[in-house]
Amino acid sequence: MSAAVRAFSSIKGAAAHRASFNKIASRAYASQAKSLKERFAELIPEKQAEVKEFRKAYGSKALGEVTVDQAYGGMRGIKGLIWEGSVLDPEEGIRFRGLTIPECQQKLPKAHDGGEPLPEGLYWLLLTGEVPTAEQVKGVSAEWAARSAIPSFVEELIDRCPKTLHPMSQFSLAINALQHESHFAKAYAEGIHKSNYWDPIFEDTMDLIAKLPNIAGRIYRNVYKDGKVASIDMDKDYSHNLAKVLGFSDNSEFVDLMRLYLTIHSDHEGGNVSAHTTHLVGSALSDPYLSFAAGLNGLAGPLHGLANQEVLRWTLKLKDTIGIDASDEQITKYLWDTLNSGQVVPGYGHAVLRKTDPRYTAQREFALKHLPDDPLFGLVSKLYHIIPGVLTEHGKTKNPWPNVDAHSGVLLQYYGLVEQDFYTVLFGVSRGIGVLAQICWDRALGMPLERPKSYSTAYLKKMFGAN
Ligand code: CMX
């Protein structure tokens with residue numbers, strides 16, 4: 001029995017009535033020296049008791065009604081999911097465990113050589129609701145580095161992919177293959193008791209996050225470079241190592257960009273395609289590898305994560321067509337040409353947000369600090385001042401403001417990572433941090449198989465007496 005399981009068992013009965021930990025992002029607690037697994041194990045019985053008590057008192061309350069339009073309209077606004085790590089406000093944007101992005105930038109531990117938060121700290125925050133100490137974050141960095149190696153058959157699998165296979169397909173393929181390593185799948189086959197699911201799930205998520213840089217790096221180096229992948233540095237943080245396997249760790253600004261990038265792309269509550277898919281597939285007790293690979297296939301869609309590749313491509317095409325110094329009038333005409341040809345303006349609009357995405361703002365601030373004179377950043381800034389007006393006049397989109405994908409490409413290309421097809425892989429590395437934290441809670445809280453009700457049009461027409 002592991003130390004964490006013992007800790008879990010010994011405190012199981014005692015913690016039923018402690019305060020909610022959901023708003024305790026900065027609370028002090030008497031466990032500074034605990035590992036992430038030990039702290040998570042301690043919190044499970046508290047949270048189980050909290051949810052049980054809440055459901056007993058409020059379980060029959062309605063969250064809203066569902067209209068026919070919502071059923072046909074991609075379920076926009078239907079409240080039917082639980083997601084512990086983050087909540088998205090349409091006006092304000094995302095909060096991770098109650099903290100805004102600027103608050104995360106301020107409160108989460110940073111590397112000694114950087115100004116941006118370490119995503120290891122964000123994982124701790126998403127999983128526990130608590131801001132970790134620098135020492136605890138260092139522990140996570142070391143653990144992820146120690147778990148980072150990928151089996152040789154997965155390396156060979158990636159190496160055998162044709163360079164023409166999209167990097168997201170290679171990414172998903174490799175993660176499906178990594179399922180071979182799943183502790184949860186093995187434990188389930190051996191008959192693990194459901195109250196202990198959380199333990200192998202936690203192990204799987206830590207392994208999987210840890211291995212993502214090596215997978216991403218191998219894909220990048222194979223497709224675009226010489227196929228040689230640098231080794232993970234056991235003493236460095238996750239973002240440094242990601243930059244290293246890609247071949248960019250000599251540039252400390254790029255390493256810091258990775259810290260920001262991995263932090264802000266991680267989690268965006270539960271209803272977006274990649275998060276919801278991971279959660280849904282996990283509800284069938286598919287292990288974290290299978291669940292996350294499914295989520296990545298959704299992230300690879302152009303209306304979701306792939307938009308970040310599409311944005312840079314669209315922007316570069318605009319530049320090549322009308323020039324980097326194009327006038328406002330020329331840009332406006334170009335925008336109307338895009339819209340009139342039945343295409344979306346990538347990077348703008350959002351299913352929930354109704355203001356500029358704070359993830360866009362965080363990247364814009366990074367650009368203002370590090371690359372204020374980059375001509376392409378100048379063009380992206382100009383577009384920010386023109387696109388919302390055109391989309392408003394166009395009159396279709398409910399949100400004319402930029403989302404996260406409108407800014408990431410210009411930063412990556414500035415540092416030499418110019419291969420747009422690869423951008424969604426980076427998004428995927430980050431997304432793992434958010435959705436895998438939730439998978440841990442899904443299994444710890446015994447979330448059941450997800451199975452909403454569907455109807456046919458014929459059935460609905462009959463239901464309402466329509467002709
Ligand atoms: N350009 C042109 N038209 C747009 C638009 C845009 N950027 N955003 C929305 N619209 C259109 C929609 O296509 C829809 O048109 P139809 O009625 O003809 O189908 C109409 O406006 C209403 O859409 P909406 O309710 O405002 O937005 P949705 O919730 O349906 O879709 C999103 C949201 C993100 C898919 C959409 O805004 C879009 O396609 N944006 C461009 C792609 C993009 O940037 N995606 C990344 C989102 C962030 C992420 O997940 O990574």
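All figures in this text were calculated on a predicted structure; none of them were measured in a lab.

Reading guide: rules and limits
Residues numbered from 1 in each chain as written. Predicted model: local features only at pLDDT ≥ 70, side-chain atom pairs only at ≥ 80, totals over all residues. Heavy atoms only, no water. Helix = DSSP H or I, 4+ residues; strand = E, 2+ residues; numbered from the N terminus. Rg over C-alpha atoms; globule rule 2.2 N^0.38 Å. Buried < 20%, exposed > 50% of the residue type's maximum accessible area, 1.4 Å probe, protein only. Contact = heavy atoms within 4.5 Å. Near = heavy atom within 4 Å. Polar contact = N/O pair within 3.5 Å; in protein donor to acceptor, adjacent residues only side chain to side chain. Areas by Shrake-Rupley, 256 points an atom, 1.4 Å probe, with all protein chains shown as cover. Nonpolar A, V, L, I, M, F, W, Y, C, P; charged D, E, K, R; others polar. Patch = residues over 30% accessible without salt bridge, like charges linked within 9 Å, V, L, I, M, F, W, Y side chains within 5 Å. Salt bridge = Lys/Arg side-chain N within 4 Å of Asp/Glu carboxyl O. UniProt positions renumbered as here; feature names shortened; annotations may be inferred.

What follows concerns the overall build of the protein chain. From N to C terminus, the protein chain includes 21 helices and 2 strands. Against the 2.2 N^0.38 benchmark of 23 Å for 467 residues, the protein chain shows a C-alpha radius of gyration of 23 Å, consistent with a compact globule. Dimensions of the protein chain along its principal axes, counting C-alpha atoms only, are 70 × 65 × 45 Å. The 467 residues of the protein chain split such that 52% are buried. Of the contacts made within the protein chain by residues no fewer than 6 positions apart, 77% connect residues no fewer than 24 positions apart.

Glancing now at the site of the ligand. Taken together, 21 residues form the shell around the ligand, and within it H304, G347, Y348, K398 and D405 come nearest. One nitrogen or oxygen atom from the main chain of V345 is found 2.9 Å from a nitrogen atom belonging to the ligand. Within the backbone of T397, a nitrogen or oxygen atom sits 3.3 Å from an oxygen atom of the ligand. Protein chains shield 76% of the accessible area of the ligand, which is 890 Å² for the free molecule. Residues of the shell around the ligand, tallied by class, amount to 10 nonpolar, 7 polar and 4 charged.

A cluster of nonpolar side chains, namely V68, Y72, Y455, Y459, M463 and F464, defines an oily patch on the protein surface of about 650 Å² accessible area. Elements represented by at least two residues in the nonpolar patch include exactly α3 (68–72) and α21 (457–464). Here the nonpolar patch gets 3 residues from one element, more than from any other, and that element is α21. Using a relative accessible area of 42% as the deciding quantity, one classes Y455 as partly exposed.

Under the UniProt annotation, the feature "active site" (unreviewed entry) is placed at H304, H350 and D405. These annotated residues cover 102 residues of sequence, and their C-alpha atoms lie no more than 10.7 Å from one another, placing them together at a single site. Here H304 is to be found in the loop between α14 (288–299) and α15 (307–322). We classify H304 as buried; its relative accessible area is 15%. If we ignore the near neighbours within four places in the chain, the residues touching H304 are N272, V273, S274, G298, L299, D405 and R431.

The subject of this paragraph is the pattern of salt bridges. Pairs may arise between side chains of opposite charge once their charged atoms sit close together. Within the structure shown, the criterion is met by 25 salt bridges. For D199, the salt bridge identified is with K37, shortest N-O distance 2.8 Å. On the criterion of sequence distance, the pair formed by D199 in helix α10 (residues 198–224) and K37 in helix α2 (residues 36–58) is long-range, its members being 162 residues apart. Overall, the relative accessible area of 12% leaves D199 in the buried class. A residue is classified by how much of its surface remains accessible, and K37, at 12% relative accessible area, is buried. A salt bridge links E310 to R313; its shortest N-O distance comes to 3.8 Å. Placement of the pair is E310 and R313 together in helix α15, with a separation of 3 residues, close to one helical turn. For E310, a relative accessible area of 25% puts it in the partly exposed group. Linked by salt bridges that have partners in common, K37, E143, R147, D199, E203 and D207 make up one network.

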